[in-house]
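Residue-level structural notes
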Amino acid sequence: MNATAAPGDSTGDIREARTTASPATGPAVDEKPVFSVRNLWKVFGPKAERVPGGPLADLPPDALRERTGCTVAVRDVSFDVRPGECFVVMGLSGSGKSTLVRCLTRLIEPTAGTIAIDGEDVGGMDKGALRDLRRHRAAMVFQHFGLLPHRTVLDNVAYGLEIQGVGKAERRAKAGEMVAKVGLAGMEGRRPGQLSGGQQQRVGLARALAADPEVLLFDEPFSALDPLIRRDMQEEVVRLHRDEGRTMVFITHDLSEALRVGDRIALMRGGRVVQCGTPEEIVGSPADDYVRDFVRDVPREQVLTVRRAMRPAHDAGEAATGPALSPATTVADAIEAVARTGCSARVVDAGRCLGVVDSTSLLGVVAGLESTPSKSTPPNSTPSMGGFEEKTAA
Ligand SMILES: Nc1ncnc2c1ncn2[C@@H]1O[C@H](COP(=O)(O)OP(=O)(O)OP(=O)(O)O)[C@@H](O)[C@H]1O
Ligand SMILES: [Mg+2]
């Protein structure tokens, strides 16, 4: 797959689900982060610890492998996951996404850097604390759910609670609740083999939810599903996120999925995070040519909002007339409003007119002519590897 093929997975309107993805207030920017990751490295191979930060780290991947037998999977990555947000990690195959998410709970041991959950150092956790972290605080949903084939749906969902030592009646009640929550009521007695792929994914999701974790970690959970079922499951995640405000880290290589579910997206390439920002920042202000190419085929009007299109009102009259739009209105919706009324529209926040959009300013955004500076994280350090291929490790 090349970079520009990523949006081709699109199975529908990005805007429709995006507008429901974030809780009304959005993720809490000022609250203490759930996960805090600083200068994280994962190097696979012998004596991996000599690579981070040293001259070896600057070698091209092939040369590094030839000289040392090492592969850098995650390279000096830093980010925070805020409470209640859906933080998406996106990138092509081999860019380091799975390695990164597994490092969060030390399913893979990081080579360098720090990870904290609620301010607590994950690196310093002993076996018991790590078990508790994985069972109670950060539940992982994998691409292949690994359901137990001889157990019923209900018992599969209750399994996590069983190993937590929860009593039978309580765990079955809780499991039943979760099965209903993911839309499988009535199927409690079936076995995984009697379910469709999408239904099996729902069981996996219910199982992760049953532990009531603070964070859900998803590693490409829907990539094996056909597009329509996949869309269904994305909506399920968006709904759970919206209704429960649960913090999520969601890995995907599919840009349309990232835009649909993500509050913020970290785009990885060759182990680095090349840009981290809201969908609007990534699409509207790509940090470099790589990101620009990645988002080239995204329908801008469905992701960008009127904040990017607005201009100051010419006079008090213009600031007081025309339809009022919230700052979160997509350009697509604003075009409709302006076309319907035939006049400019006001962008209003808490009763205050922030600016005005008209057909010229809106079309300017669609055409990519607006110039709003990016607030997203710039590429971290040196330029990344050439080419689009990420599968450089043997
Ligand atoms: N156990 C390992 N030993 C050596 N190299 C590894 C190991 N696991 C992963 N890698 C390498 O690390 C890099 C990142 O792999 P990772 O699985 O994190 O990528 P990914 O972005 O999840 O890809 P995909 O989309 O295919 O799942 C790749 O170059 C991969 O070959
Ligand atoms: Mg992976």
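On a predicted model such as this, the values are computed, not experimentally measured, just so you know.

A word on the overall build of the protein chain
Secondary structure assignment for the protein chain yields 16 helices and 13 strands. Counting all 394 residues of the protein chain, 44% fall into the buried class. Taking the contacts inside the protein chain whose residues are at least 6 apart along the sequence as the reference set, 72% of them involve residues at least 24 apart.

Considering the sheet that holds strand β12 (residues 345-349)
Picture the strands of a sheet paired through backbone hydrogen bonds; they go either parallel or antiparallel. In spatial order, the strands read β11-β12-β13; together these 3 strands make up an open sheet with mixed pairing. Each having just a single partner strand, β11 (324-325) and β13 (352-357) make up the two edges of the open sheet. Looking at chain direction, β12 and β13 are connected through 5 bridges and run antiparallel. When the bridges of β13 are listed, Ala345 appears paired with Val357.

So, the nonpolar core
Judged by nonpolar contacts, the single largest core of 97 residues is most densely connected at Val157, Ala206, Leu217, Val249, Leu267, Ala334 and Val357. Not counting the four nearest positions on each side in its chain, Val157 is found in contact with Ala175, Met178, Val179, Val203, Ala206, Arg207 and Ala210.

Considering the environment of Ala266
Inspection of the secondary structure assignment puts Ala266 in strand β9 (residues 264-269). Residue Ala266 is classed as buried on the basis of its 28 C-beta neighbours within 10 Å. It is 9.0 Å that separates the C-alpha atoms of Ala266 and Ile282, two residues lying 16 residues apart in sequence. The contacts of Ala266, once residues within four sequence positions are left out, are Phe79, Val89, Val273 and Cys276.

Points about the pairing of strand β3 (residues 86-91)
Counted residue by residue, β3 has 6 buried out of 6 residues, so it is predominantly covered. The side-chain alternation of β3 yields two buried faces, one formed by Cys86, Val88 and Met90 and the other by Phe87, Val89 and Gly91. Examined bridge by bridge, β3 and strand β8 (residues 247-252) share 5 bridges and lie parallel to one another. What sits directly across from Phe87, in β8, is Val249. Across 5 bridges, β3 lies against β9 in parallel orientation.

Looking at the sheet that holds β9
With mixed pairing, 6 strands are arranged side by side in an open sheet as β6-β7-β8-β3-β9-β10. Taken across any chain shown, the strands that pair with only one partner, and hence form the sheet edges, are β6 (138-141) and β10 (272-277). Each strand axis lies, on average, 15° off the axis of its neighbour in the sheet, ignoring direction. This element, helix α3 (residues 97-104), spans β3, β6, β7 (215-219), β8 and β9 of the sheet and lies at about 155° to β8.

Some remarks on the confidence of the model for the protein chain
Considering every residue of the protein chain, the mean pLDDT works out to 85; 86% of them sit at 70 or more. Low pLDDT (under 50) marks residues 1-12, which in the prediction has 25 contacts with non-local residues, meaning those over four places away or in another chain. Of the regions scoring below 50 in pLDDT, residues 373-394 engages in 52 contacts with residues more than four places distant in sequence or in other chains.

Here's the deal with the packing of helix α6 (residues 168-181) against helix α7 (residues 197-210)
Viewed as axis vectors pointing N to C, α6 and α7 meet at an angle of 135°, and their least axial separation amounts to 9 Å. Taken together, the axes of α6 and α7 are oblique relative to one another. With respect to the hand of their crossing, α6 and α7 are arranged in right-handed fashion. For the pair formed by α6 and α7, the contact residues are Lys174, Ala175, Met178, Val179 and Lys181 on the first element and Ala206, Leu209 and Ala210 on the second. For the contact of α6 with α7, the residue count by class is 6 nonpolar, no polar and 2 charged.

Let's talk about the packing of helix α15 (residues 331-341) against helix α16 (residues 359-366)
Across the interface, α15 lies against α16 with an axial gap of 10 Å and an inter-helix angle of 150°. Put simply, α15 runs roughly antiparallel to α16. Judged by the sense of rotation from one axis to the other, the crossing of α15 with α16 is left-handed. Contacts between α15 and α16 involve Val331, Ala334, Ile335 and Val338 from the first element and Ser359, Leu362, Val365 and Val366 from the second.

Some words on the environment of Pro286
Its place among the elements puts Pro286 in the loop between α10 (279-284) and α11 (289-294). Contacts of Pro286, omitting those with residues within four sequence positions, involve Gln275, Val291, Arg292 and Val295.

Notes on α7
Across its 14 residues, α7 extends 20 Å between first and last C-alpha, which sits within 8% of the 20 Å expected from 1.5 Å per residue. By the criterion of burial, α7 is predominantly enclosed, with 11 of the 14 residues buried. Every buried residue of α7 is accounted for by Gln200, Gln201, Arg202, Val203, Gly204, Leu205, Ala206, Arg207, Ala208, Leu209 and Ala210. Residues of α7 that are buried make contact with β6, α5 (153-163), α6, β7 and α8 (227-244). At the C-terminal side of α7, Asp212 shows a positive phi close to 50°.

What about the pairing of β7?
Here β7 lies mainly inside the structure; 5 of its 5 residues are buried. Along β7, one buried face is formed by Val215, Leu217 and Asp219 and the opposite face, lined by Leu216 and Phe218, is buried too. Summarising the sheet, β6 and β7 pair through 4 bridges and their orientation is parallel. Pairing of Ala139 across the sheet is with Leu216, part of β7. Relative to β8, β7 runs parallel, the two sharing 5 bridges. Within the sheet, the bridge partner assigned to Val215 lies in β8 and is Thr247. Between β7 and its parallel partner β8, the chain crosses via α8, and the hand of that crossover is right-handed.

What counts and how
- Residues numbered from 1 in each chain as written.
- Chains lettered and ligands numbered in written order.
- Predicted model: local features only at pLDDT ≥ 70, side-chain atom pairs only at ≥ 80, totals over all residues.
- Helix = DSSP H or I, 4+ residues; strand = E, 2+ residues; numbered from the N terminus.
- Buried ≥ 20, exposed ≤ 12 C-beta atoms within 10 Å, placed from the backbone.
- Contact = placed C-beta atoms within 7 Å.
- Pairing = 2+ DSSP bridges.
- Core = buried A, V, L, I, M, F, W, Y, C linked by C-beta atoms within 7 Å.
- Axes fitted to C-alpha atoms, helices over the stretch in contact; angles between N-to-C directions.
- pLDDT = per-residue confidence, 0-100.
- Parallel < 35°, antiparallel > 145°, perpendicular 65-115°, else oblique.
- Left-handed = near helix turned anticlockwise from the far one by under 90°.
- Nonpolar A, V, L, I, M, F, W, Y, C, P; charged D, E, K, R; others polar.
- Expected span 1.5 Å × (residues − 1).
- Right-handed = clockwise from strand over helix to strand, strands pointing away.

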